[in-house]
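# Notes for the structure review
Here is what each chain is made of, one letter per residue.
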Amino acid sequence: MSRYGHIFTEDVLRTIFPQERTEAFFDALFGDAEEGSYDIALAYAGDSGERLDFELRLTQRPGKCLACNLTYGLPQVFSRHPIINVGGIAEEVARHAGSDGSAWELGATREISRELHVIPLTITLG
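A few points on the structure. (Residues numbered from 1 in each chain as written. Predicted model: local features only at pLDDT ≥ 70, side-chain atom pairs only at ≥ 80, totals over all residues. Heavy atoms only, no water.)

### Details of the overall build of the protein
The following threshold applies: Only DSSP runs of H or I covering at least 4 residues are called helices, and only runs of E covering at least 2 are called strands; the numbering of each starts at the N terminus. The atom set for the radius of gyration is the C-alpha atoms, and the globule formula is 2.2 Å times the number of residues raised to the power 0.38. Each residue is placed in one exposure class: buried if its accessible area under a 1.4 Å probe, protein chains only, is under 20% of its type's maximum, exposed if it is over 50%, and partly exposed if it falls in between. A contact between two residues is defined here by any heavy atoms of the two lying within 4.5 Å. Areas reported as accessible are Shrake-Rupley estimates using a 1.4 Å probe. Residue values count occlusion only from the protein chains shown. Residues scored as positive are Lys and Arg, those scored as negative are Asp and Glu, and His as well as the terminal groups of each chain are ignored. Charged side chains are reduced to one point each, which is NZ for Lys, CZ for Arg, CG for Asp and CD for Glu.
Per the secondary structure count, the protein includes five helices and five strands. The secondary structure elements of the protein, listed N-terminal to C-terminal, are α-α-β-β-α-α-α-β-β-β. Taking 126 residues into account, the globule formula puts the C-alpha radius of gyration at 14 Å, and the protein, at 14 Å, falls close to it. Each principal axis of the C-alpha atoms in the protein carries an extent, and together these give about 40 × 25 × 25 Å. Expressed as a percentage of the 126 residues in the protein, the buried residues total 41%. By sequence separation, contacts in the protein at least 24 residues apart represent 59% of the contacts at least 6 residues apart. Carbon and sulfur atoms provide 50% of the accessible area of the protein, an area that totals close to 6800 Å². Each charge sign in the protein was given a centre, from 11 positive and 19 negative side chains, and these centres are 3 Å apart.

Next comes the structure, spelled out in structure tokens:
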């Protein structure tokens with residue numbers, strides 16, 4: 001049974017990573033949020049002790065293309081982009097889990113379907 005699953009509800013995940021962050025990311029990247037081909041959402045994927053697994057879910061926007069060549073380089077981009085702020089996500093997760101600190105790691109992009117790609121985010125509580 002998940003130790004932290006009851007904490008990371010959809011509402012909590014939306015406060016940690018609000019939809020507005022996707023819009024701000026594409027606005028900074030392209031100068032227009034409408035140019036983005038996907039929406040980004042944070043999802044809880046389980047835990048193993050002090051290791052919490054999340055996903056940054058990239059969902060294709062209507063009329064856009066979620067091409068692999070657009071998403072495979074994103075872990076490196078997301079890891080240092082100030083709007084995505086993975087370090088801030090990890091801090092918020094730790095706070096909600098009752099921990100004082102955390103370390104984080106992004107995995108490689110996985111194609112779940114043509115409309116959904118995920119980037120694994122592992123957060124280890126300190």
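Further notes follow.
### Considering the pattern of salt bridges
Short version of the rule: Any carboxyl oxygen of Asp or Glu within 4 Å of a side-chain nitrogen of Lys or Arg constitutes a salt bridge here.
If you walk through the whole model with that rule in mind, you get nine salt bridges. A salt bridge links Arg3 to Glu50, with the nearest nitrogen and oxygen atoms 2.6 Å apart. Of this pair, Arg3 sits in the segment before α1 (10-16) while Glu50 sits in the loop between β1 (38-48) and β2 (51-60); the two residues are 47 residues apart in sequence, bridging distant segments of the chain. Owing to a relative accessible area of 34%, Glu50 belongs among the partly exposed residues under this scheme. For Arg57, the salt bridge goes to Glu55, with nearest N and O atoms at 2.8 Å. Exposure remark for Glu55: the relative accessible area of 11% places this residue in the buried category. Connected through salt bridges with shared partners, the residues Glu10, Asp11 and Arg14 form a single ionic network.

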